[in-house]
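Structure at a glance
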Amino acid sequence: MNKRTINKVAVLGSGVMGSRIACLFAGTGVQVLLLDIPPKELTKGEASQGLQITDHAVKNRIVTEALRTASKASPSPLYTPEDLKNIKTGNFEDNMKDIAGVDWVIEVVVERLDIKKSVFEQVEKYRKPGTLITSNTSGIPIHLMAEGRSDDFKKHFCITHFFNPPRYLRLMEIVPSEFTDPDVVDFLMNYGDLFLGKTTVLCKDTPAFIANRIGVFGLMSIFHLMDKLQLNIDEIDALTGTVSGRPKSATFRTADVVGIDTLVKVAMGVKENCPQDEAQNIFEIPLWLQKMVDKKWLGDKTGQGFFLKKKLPDGSKEIDTLDLNTFEYKPRSKPKFATIDMAKTVDNLNERFKILFSGKDKAGDFYRQFHYSLFSYVSFRIPEISDELFRLDDGMRAGFGWELGPFETWDLLGVKKVTEAMEATGVKVAAWVKDFLQAGNETFYKMEKGKKLCYAPASKSYKALPGGESFIILSDLKENTIWKNAACNLTDIGDNVAAFSWSSKMNTIGGEVLEGISKSVSIAEEKYKGLVIANEGAQFSAGANVGLIFMLAAEQEFDELDMAIRSFQNTNMKIRYSSIPVVIAPHGLTLGGGCEMCLHSDKVMAAAETYIGLVELGVGLIPGGGGTKEFALRASDEMQPQEPETIPLMNRFMTVGQAKVATSAFDAYKLGILRKGFDNVVMNQSRRIAEAKKSVIELFDDGYVRPKERTDIKVLGRIGLGMLYTGIHSMFLGNYITEYDVSIAKKLAYVMCGGDLSEATLVNEQYLLDLEREAFLSLCGEKKTLERLQSVIKTGKPVRN
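Owing to the predicted nature of the structure, the values given are computational and were not obtained by experimental measurement.

1. Here we look at the nonpolar core
- Within the largest apolar cluster, 114 residues are counted, with the highest numbers of intra-cluster contacts made by L12, I99, W288, F306, F366, F407 and W410.
- Dropping the residues within four chain positions of it, W288 is found in contact with F223, M226, D227, F252, F306, L324 and F327.
- Counting 81 residues, the second-largest nonpolar core is a separate cluster that includes W483, F540, L671 and L771.

2. Quick notes on the sheet that holds strand β18 (residues 530–533)
- Here we have seven strands laid out as an open sheet, ordered β15-β16-β17-β18-β19-β21-β23, and mixed in their pairing. Pairing within the sheet leaves two strands with one partner each, and these edge strands are β15 (481–484) and β23 (680–682). The sheet shows a mean angle of 20° between the axes of neighbouring strands, taken without regard to direction.
- In terms of strand pairing, strand β21 (residues 603–607) meets β23 through three bridges, oriented parallel. Its bridge partner being in β23, A606 is matched across the sheet by V681.

3. Here's the deal with the environment of F375
- Inspection of the secondary structure assignment puts F375 in helix α17 (residues 362–380).
- Between the C-alpha atoms of F375 and E82, which are 293 residues apart in sequence, the distance is 46 Å.
- Those residues in contact with F375 that sit more than four places away from it in its chain are P406, T409, W410, L413, V418 and M422.

4. Section: the environment of M226
- The topology assignment puts M226 in helix α10 (residues 211–229).
- Assessed through its relative accessible area of 1%, M226 is described here as buried.
- For M226, the residues in contact, after removing those within four places along its chain, are L231, N232, I233, I236, F252, W288 and L324.

5. Examining helix α26 (residues 627–638)
- Taking 1.5 Å per residue, twelve residues should reach 16 Å; α26 reaches 16 Å between its end C-alpha atoms and fits that length.
- Counting buried positions along α26 yields ten of twelve residues, so the element is predominantly enclosed.
- Every buried residue of α26 is accounted for by G627, T628, K629, E630, F631, A632, L633, R634, A635 and S636.
- Looking at the buried side of α26, the elements it contacts are α24 (558–576), α25 (593–599), α27 (646–657), β24 (713–715), α31 (739–752) and α32 (765–780).

6. Here's the deal with the pairing of strand β2 (residues 31–36)
- Where burial is concerned, most of β2 is hidden: five out of the six residues are buried.
- With five bridges connecting them, strand β1 (residues 8–12) and β2 associate as parallel partners. Paired with V9 across the two strands is V32, which belongs to β2.
- Considered for its hand, the β-α-β crossover made up of β1, helix α1 (residues 16–27) and β2 is right-handed.
- Bridge count between β2 and strand β3 (residues 87–91): five bridges; the pairing is parallel. Looking at the pairing, L34 lines up with T89 of β3.

7. Comments concerning the pattern of salt bridges
- For the structure on display, the rule yields 54 salt bridges.
- Between R213 and E384 there is a salt bridge, and its shortest N-O distance comes to 2.9 Å. Placement of the pair is R213 in helix α10 and E384 in the loop between α17 and α18 (389–400), with a sequence separation of 171 residues.
- With a closest N to O distance of 3.0 Å, K301 and D261 form a salt bridge.

8. Let's talk about a negative patch on the surface
- On the surface, a cluster of negative charge is made up of E555, E557, D559 and E560.
- For E557, the location among the structural elements is in the loop between α23 (546–554) and α24.
- Residue class for E557 comes out partly exposed when judged on its relative accessible area of 35%.

9. What to know about the environment of V16
- Considering the arrangement of structural elements, one finds V16 in helix α1.
- With a relative accessible area of 49%, V16 lands in the partly exposed category.
- Linking V16 and V742, residues 726 residues apart in sequence, is a C-alpha distance of 43 Å.

10. Concerning α18
- Over its twelve residues, α18 runs 17 Å from end to end, which matches the ideal 16 Å to within 8%, given 1.5 Å per residue.
- Most of α18 sits out of view: eleven of its twelve residues are buried.
- What α18 keeps buried is the set L389, F390, R391, L392, D393, D394, G395, M396, A398, G399 and F400.
- Of the residues one or two after α18, G401 is the one with positive phi, at around 75°.

11. As for unusual backbone geometry
- With an omega dihedral of 0°, the bond running from S74 to P75 counts as a cis peptide bond.
- Along the chain, P75 falls in the loop between α4 (61–71) and β3.
- Residue P165 is reached from N164 by a cis peptide bond, and omega for that bond is 0°.
- In this structure, P165 sits in the loop between β6 (157–162) and β7 (171–176).
- Positive phi, normally seen in glycine, also occurs at F327, with a value near 60°.
- Tracing the backbone through its elements, the reader meets F327 in the loop between β10 (317–323) and β11 (328–331).
- By relative accessible area, which is 11% here, F327 ends up buried.
- In the Ramachandran plot, K460 falls in the positive-phi region, its phi being about 55° despite a non-glycine side chain.
- Assignment of secondary structure puts K460 in the loop between β13 (451–456) and β14 (461–464).
- The class of K460 is exposed, set by a relative accessible area of 55%.

12. Topic: the packing of α17 against helix α19 (residues 406–413)
- The geometry of α17 relative to α19 is characterised by a closest axis approach of 10 Å and an angle of 125° between their N-to-C directions. Classified by the interaxial angle, the pair formed by α17 and α19 is oblique. Read as a crossing pair, α17 and α19 show a hand that is left-handed. Across from H371, L374, F375, V378 and S379 in α17, the residues of α19 making contact are P406, F407, T409, W410 and L413.
- Classifying every residue of the contact of α17 with α19 gives seven nonpolar, three polar and no charged.

13. Things to note about the sheet that holds β10
- Within the open sheet, the three strands sit side by side as β9-β10-β11. Their pairing is antiparallel. Both edges of this open sheet fall to β9 (307–311) and β11, since each of them pairs with a single strand only. Averaged over all adjacent pairs, the angle separating strand axes in this sheet is 40°, with direction ignored.
- Looking at chain direction, β10 and β11 are connected through four bridges and run antiparallel. Pairing of L322 across the sheet is with Y329, part of β11.

14. Side note on the pairing of strand β5 (residues 132–135)
- With burial as the criterion, each face of β5 is covered, one bearing L132 and T134 and the other bearing I133 and S135.
- Bridge count for strand β4 (residues 104–107) against β5 is four bridges, and the pairing is parallel. Each residue of the ladder has a partner; that of V105, found in β5, is I133.
- This β-α-β element, β4 to helix α6 (residues 113–126) to β5, shows right-handed connectivity.

15. Let's talk about the packing of aromatic side chains
- Here the structure, examined in full by the defined rule, presents 35 aromatic pairs.
- Judged by centre distance (6.0 Å) and plane angle (75°), the rings of F357 and Y372 are edge-to-face. Placement of the pair is F357 in helix α16 (residues 349–357) and Y372 in helix α17, with a sequence separation of 15 residues. Each member of the pair, F357 as well as Y372, carries the same accessibility label: buried.
- Consider the rings of Y455 and Y462, whose centres lie 5.5 Å apart with planes at 70°: the pair is edge-to-face. As far as burial versus exposure is concerned, Y455 and Y462 are alike and both buried.
- Here a set of aromatic residues connected by ring pairs shows up, and it is made of F375, F407, W410, W432, F436, F444, Y455 and Y462.

The rules we used
- Residues numbered from 1 in each chain as written.
- Predicted model: local features only at pLDDT ≥ 70, side-chain atom pairs only at ≥ 80, totals over all residues.
- Heavy atoms only, no water.
- Core = buried A, V, L, I, M, F, W, Y, C linked by side-chain atoms within 4.5 Å.
- Buried < 20%, exposed > 50% of the residue type's maximum accessible area, 1.4 Å probe, protein only.
- Contact = heavy atoms within 4.5 Å.
- Pairing = 2+ DSSP bridges.
- Helix = DSSP H or I, 4+ residues; strand = E, 2+ residues; numbered from the N terminus.
- Axes fitted to C-alpha atoms, helices over the stretch in contact; angles between N-to-C directions.
- Expected span 1.5 Å × (residues − 1).
- Right-handed = clockwise from strand over helix to strand, strands pointing away.
- Salt bridge = Lys/Arg side-chain N within 4 Å of Asp/Glu carboxyl O.
- Patch = residues over 30% accessible without salt bridge, like charges linked within 9 Å, V, L, I, M, F, W, Y side chains within 5 Å.
- Areas by Shrake-Rupley, 256 points an atom, 1.4 Å probe, with all protein chains shown as cover.
- Lys, Arg positive; Asp, Glu negative; His and termini not counted.
- Charge placed at Lys NZ, Arg CZ, Asp CG, Glu CD.
- Parallel < 35°, antiparallel > 145°, perpendicular 65-115°, else oblique.
- Left-handed = near helix turned anticlockwise from the far one by under 90°.
- Nonpolar A, V, L, I, M, F, W, Y, C, P; charged D, E, K, R; others polar.
- Phe/Tyr/Trp six-rings, centres within 6.5 Å; stacked < 30°, edge-to-face > 60°.

Here you go:
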C-alpha cells in the first residue's frame, strides 16, 4: 500500500451530517475545510446592514450558521470546544479551488444524484491527482455517481457512509466501485478504525448497504408484528429496549430521532430497488405509518411523531404516546410482561436473552416471531450484501447499537434448535445454513487456539476475523481464566500479561471487586509482566456501590464503613505501588471510584468516549478511595515558583467540588484527570485492551521499577483554607450552593489543604488518606447525606438540594 497521510480534509456540505463529520475530523487534530453553497438572496438583517450578496460574510452565511448550530448541539459533536480552531469555512464559489491543498475530499450534499454529480464535476477541476474523494451517501449507487468521471477520480473514489451522530455512532460503511483501487479501500478501512474510532464495514454496492438494510427490515418487521399481536407503542418499546440488548431508545423513540420520513424513504427504496428480496412485503408501509407522513408527524424534526412532548403549567415536561387506533396522544403507560419481569432479575445479557426468547406469554411470542424473521432475512442476505457473516453483526452493533448482532444471537440461542423451530412454523432459511448444519457445524463463531473464527459460506470453512491481536475480547478468552470469584475474572491475555475484569450492575465497585483487584495484582506480581484492568460492560464503572454505603450509614455501622473505605484506599494504593506495571483501560462512564482507580494506575489507556470524573459531592460525600488525596498530590506537583501556590489548589478543588465530568477523554486532560505525557487516548474503543497490553509490555521491557511512596506532598494548611473558604462563602451568598453543600465543600477543602496546619507543610499520602477517610465517615453520619444517597439509589442520578 502506498504510504498516505491525512493532514487536511475538505467536507463539502455543512448540513447536519457535514458539519458533524467536520467536527469529528477536527477532534482528531486534522485541519478541515468546510464548504457549502452561497445563499441566493440577502436576509432582512443583512439588507439592513447594507451588505451585498457578494460580501464574504453573506456568501459564507449558510456554512457559518451550520457550524455554529453544530457546535452548540447536545451531546456535542466536538471532543473539546478548542477543536473548532481546526475548522475553516468557505463557500463553493470562492473556495472550491482550495481543495487542491487537501488530502481527502468528502461530499455530504443533499441526497440527489444530479446535485452530487454537479459537485463532483467541480471537484474534478481542482482536485489534485491521487486525492481521496468519497461520498457520504446513504444509498445512491456508487456506479451512478462515478459516471463521467476521470480514471484517477474513479480510482480514488469510494463511499464512506457515516451514521448520525458521527462522533457517537461507531459505524462507517465502506462501499467501493469496480474501479476503486484496492489500496484505497484498505487505507479507508484502516484509517476509519485507527484514527476515527470506527467499526469499518466493507459493503457491496446494494440498496441501503448493510446496516440500514437489516435495521430498517427489523423496524418494519416490528411494525407489522405489532399489528399481528395487537401490541401498542409503549409495549413494543418495553420489549425492544435495554432488556433485550438494544438501545434505550428502543423502536419508536429511535424512529422519532431518525425521522419517520427517512425511515419510510429507506423502506420504499429497498422495496423498489430489490425486486428479488423474498421479504418485500415487510417493506410495505402500514396505513397508519403513511398517515403519519401525510400529517407531517415525522418525529423530533417536526415536534411530534410517535411521541409528543408537552410543557406543563409548572414548567415540567410530559411525554405522551400516540394511540395508533385513534390517532390521539395519551399519557405513556408502563407495560407489564411476566417474561420481562423475570428477565430483569438477570444481569448477564446472554442468560437474560434466553429467558426472553423462551417466554410463555405474548412477550415470548413477540421475541420468537421477530427473531425467526430476522434470522431468515439475514441468512438470505449472504452473499447479496456481504460475503462475510461478521460484517452484518458488526454493522448492527456499531450502527444500531445492538449488543448482539443477528448471527451472534442465533449462535446464543442454538443454530440447529432455532432453525428447526423456524422451519416448523414455515419460516425458511437460506440453503447455505442447511449445508452448514448438515456438515455438523454448531455455531457461526468459534474460538480456536486463542483466535476467534467465523464461518465463511463461500468456502464452507471457518476463517479468522480480521484484526487479530489488535482486538482483545475478554469474554472470548474464558478458557484462559487464571482466577475468579462471583463478580470478577483474571484472564491470561498472552505474552505474559494478565487482565482483570468484573461484571456487576453498572460495573459498580464493591467488596468482591476490591478483593479481585487485590488478588489479581498479587498474582500478576508473582507470575506476569504486568496487569491490565478493563471490562466489556456498557460502562467502565459508575463508581462505588452506593447501596452498600447507604445501608451501612443508615444502620450506623461505622466500623464496617471504615473497613470498607480503608479497603478501597488500600486497593488503589496497591495498584499504585505494585512491583509490576498496571495499565487501566476505561470507556464510557468512569465515575467516582472508577475514576479513583484510574488516578492510581501507572498509565491510563482511555477510549475517546470516556466520561470520567469524581462525582461524589453530588451524593453528599467526598472522594474516599484516594481521589481527594490524589488531587491534593497533583495540585502540589503543579505548584510553580513563579505563580501563587493557591492557583493549582483552587483549580483542583473546583474540579472535585463541582463534580465535573469530562465530556471525552480529551476533555479529561483539561480537568487534570488524565496526564499529558503519561496517559493515552485510543480512538477505537475496541482496541483499548490490546493497546493497554502493549503499554504493559513496553513499561516492563523499559525496566519498570516500583514507584517510591510520596512523602513530599505540599499542603497549604490555613493559607489554602482561607482562600477556599472565602470562595465557598461567595458561592453560598450567590445562591449557587446550599448550606449543606457548604459543609461538604469545607470538608473537601480541609482534606485538600492537609487540615488546620499553621503553615505550608510536606506530608505523605497516608496522612491525606486518613483525613480523607475521616471526612468521608463524618459525612455518612449526616441526615442530608442519607437523603441524597437514597435519592441516587432511587433515580440513578446525583442530586443537588
